[in-house]
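Observations on the model geometry
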Amino acid sequence: MSGLFITATGTEIGKTLVTAALTYQLRQSGHVVTALKPIISGVSDQEMDGTDTAILACALGQGLDEATLDAISPFRYKAPLAPSMAASLEGRVLDYDLLIEKCREAMDHPVFTLIEGVGGAFVPLTGDKLVADWIQDVDLPAIVVAGSYLGTLSHITATLEAMKARGLEVRGVVVSESAGDAPDFEATLAEVRRWTDLPVVGIPRIRGAEPWQQVPDLTALAGF
Ligand SMILES: Nc1ncnc2c1ncn2[C@@H]1O[C@H](COP(=O)(O)OP(=O)(O)O)[C@@H](O)[C@H]1O
Ligand SMILES: [Mg+2]
């Protein structure tokens, strides 16, 4: 079983960009890849265009029919909230054991499995499980995606320290340049590198549709 878990310091940071880019780049270099975004909130089954699920399907070269939707994103919630809160609003509780089973099923094939988490690495999934538990239970190395906004250095350091304290394996940090008035990107990357021994890859701001097709090569983070 090989693969990567794509987590982040927060939400709307670049996880989907990185997961789609890695899917695309690995497929282009001849690898067989599967990509999952098992939990997605803020979506309605009637309108999946533009969602993380649709972006991953596109990067996988698949159309988004019902079977693909269920395979990529089996747990879907309407409210754009942390999974524990979004599920609760619908009177549901995320079935954590089923989540792990679905991930293991996908990983149980001779493919490279990319799993995009949800929110940041310590967002609650249920009353007693966090994304960090999920990473531990699927037993995949992680990539931490971060932004370059003012405040990111603390978010990156805190996330890496907390993941290390739990014994989670982190393969690298991807800093995706934030929109707007962020500090100088190269200077921010240099500062991130001063505070970690992990590989740190920067994704400068990309313009245009389907930005995941224009991301610098990330395949070294997958060990290729
Ligand atoms: N370096 C970048 N250049 C251009 N757009 C970016 C960049 N990083 C993130 N984005 C955009 O920001 C939005 C949030 O990124 P996304 O990958 O969906 O975050 P997450 O999956 O962590 O919530 C998306 O529209 C994405 O395309
Ligand atoms: Mg996403």
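Here's a quick rundown of the structure. (Residues numbered from 1 in each chain as written. Chains lettered and ligands numbered in written order. Predicted model: local features only at pLDDT ≥ 70, side-chain atom pairs only at ≥ 80, totals over all residues.)

**Some thoughts on the site of ligand 1**
Taken together, 15 residues sit near ligand 1, with Lys15, Thr16, Leu17, Ser176 and Ile206 positioned nearest. Ranked by residue count, the leading element in the shell around ligand 1 is helix H1 (residues 15–28), at 3 residues. Residues that form the shell around ligand 1 fall into these classes: 6 nonpolar, 4 polar and 5 charged. (Near = placed C-beta within 6 Å. Helix = DSSP H or I, 4+ residues; strand = E, 2+ residues; numbered from the N terminus. Nonpolar A, V, L, I, M, F, W, Y, C, P; charged D, E, K, R; others polar.)

**Points about the pairing of strand S8 (residues 200–203)**
Summarising the sheet, strand S7 (residues 170–176) and S8 pair through 4 bridges and their orientation is parallel. Counterpart to Val173 in the pairing with S8 is Val200. Crossover handedness for the path S7 to helix H8 (residues 185–194) to S8: right-handed. (Pairing = 2+ DSSP bridges. Right-handed = clockwise from strand over helix to strand, strands pointing away.)

**Things to note about the packing of helix H5 (residues 96–107) against helix H6 (residues 131–138)**
Relative to each other, H5 and H6 sit at 45°, their axes nearing to 10 Å. As the angle between them shows, H5 and H6 are arranged oblique. By crossing handedness, the relation of H5 to H6 is classed as right-handed. Packed against H5, whose contacting residues are Leu99, Ile100, Cys103 and Arg104, the element H6 presents Trp134, Asp137 and Val138 at the interface. (Axes fitted to C-alpha atoms, helices over the stretch in contact; angles between N-to-C directions. Parallel < 35°, antiparallel > 145°, perpendicular 65-115°, else oblique. Left-handed = near helix turned anticlockwise from the far one by under 90°. Contact = placed C-beta atoms within 7 Å.)

**Points about the sheet that holds strand S5 (residues 112–116)**
Taken together, 6 strands build an open sheet; the order of strands is S2-S5-S1-S6-S7-S8 and the sheet is parallel. At either end of the open sheet lies a strand with only one pairing partner, and these are strand S2 (33–36) and S8. Sheet twist, expressed as the average angle between the axes of neighbouring strands with direction ignored, equals 20°. Relative to S7, strand S6 (residues 142–146) runs parallel, the two sharing 5 bridges. Counted as the bridge partner of Val145 is Val174 from S7. Each of S6 and S7 is contacted by helix H7 (residues 152–165), which is oriented at about 165° to S6, the strand it contacts most.

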